[in-house]
Structure formats: C-alpha cells, structure tokens
Amino acid sequence: MTSLHSEEQGFKIGDTVRAEVRSGQYVGELMELNGPRALVKVLAVLKHPEQGDLHNPYNPDVPMFHERRALSYTEKTTVLMRDLKPFASTVPDYGTSLRAAAEAEIAALDRLHRWAAKGLEQMQQLHKEYK
C-alpha cells in the first residue's frame, strides 16, 4: 500500500535505500510502503549493530548485555520512513559488507578500549597526586 506521505518523500517500491535499524545501517530494497513504515529487504550491511544495552551505552554492568547480530541477507524488516534515505551507490556484496562492518565495529571498540585504558591510567596517577 503506497501512502501520500511515502510518495512525498520520493520513495517507491523497488528503490534501493539506506535503512537505520536499531543501531545498525543497511542497504536494502524497498518492498512495501505503509504509512509511516516501510518493509525493506536487506541486501548489504553498512554498519554493524552495537552490542550491549542501547539505553545504557558503554555500561558493561547492566542486567542484560545484548548481543546484536546483523540482519541476514534478504531478511525483511519494518523501518520507519524517517529512518530511510536513498542509496545511489552500487550495492556491495552482503558477505563482504558484513565482514567489513564487523571489522569496523571491532576496530572502533578496540580504540575505545585503548582510550579507556589510557584515561584510567592517567586518572589513577592524578588521584595519587591529589592527596
């Protein structure tokens, strides 16, 4: 079902779109338009979803530390229209894009881990000096 709201945004069934789903980003094919939502078939992964509790970011001490897998190839997901953008580039291979997104997320977490370790080291030194 196509709605006026969807047509005003310039999307139509069959378009290739960039979709933000929770904390991940995907390239997909627009399958259905239904008011404020759209059904998208996943074709590639641009950003791997973040791990942990999204409501308590960077907190490892939460009751449930969520594992989030990337959506599967051709998996269909409902996305709010506000979370869609046109995608005009060549659609990357799903497997290659999934591995690249996972590697990028690992690298970002490694940088954060190293930053936290250096910050902790400096704060411990400052704490000693603050006697």
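Residues numbered from 1 in each chain as written. Predicted model: local features only at pLDDT ≥ 70, side-chain atom pairs only at ≥ 80, totals over all residues. Heavy atoms only, no water.

Engineer: Explain the side chain of R68 to me, please; I cannot follow it from the model alone.
Structural biologist: Positionally, R68 belongs in the loop between β3 (37–47) and β4 (76–80). Salt bridges are absent for the buried R68, whose nearest opposite-charge side chain, D53, sits at 5.7 Å. Beyond its immediate sequence surroundings of up to four residues, R68 is in contact with S23, H48, P49, E50, Q51, G52 and L54. (Helix = DSSP H or I, 4+ residues; strand = E, 2+ residues; numbered from the N terminus. Buried < 20%, exposed > 50% of the residue type's maximum accessible area, 1.4 Å probe, protein only. Lys, Arg positive; Asp, Glu negative; His and termini not counted. Salt bridge = Lys/Arg side-chain N within 4 Å of Asp/Glu carboxyl O. Contact = heavy atoms within 4.5 Å.)

Engineer: Hey, could you run me through the nonpolar core in this one?
Structural biologist: In this structure, Y26, L30 and L84 are the most contacted members of the largest nonpolar core, which totals 18 residues. Mapped onto this core, the elements with two or more residues apiece are β1 (16–21), β2 (24–34), β3 and α2 (94–129). Here Y26 is in contact with V17, R18, A19, V21, V42, A44, V45, L46, P49, R69, A70 and L71, once residues within four sequence places are set aside. (Core = buried A, V, L, I, M, F, W, Y, C linked by side-chain atoms within 4.5 Å.)

Engineer: What should I look at first to understand the sheet that holds β4 in this one?
Structural biologist: By definition, the strands of a sheet pair up through backbone hydrogen bonds, in either a parallel or an antiparallel sense. Read from one edge of the open sheet, five strands run β4-β3-β2-β1-β5, paired in antiparallel fashion. On the outer flanks of this sheet lie β4 and β5 (84–86), each paired with one strand and no other. On average, adjacent strands in this sheet sit at an angle of 45° to one another, irrespective of strand direction. With three bridges connecting them, β1 and β5 associate as antiparallel partners. Bridging from a neighbouring strand, A19 pairs with L84 of β5. (Pairing = 2+ DSSP bridges. Axes fitted to C-alpha atoms, helices over the stretch in contact; angles between N-to-C directions.)

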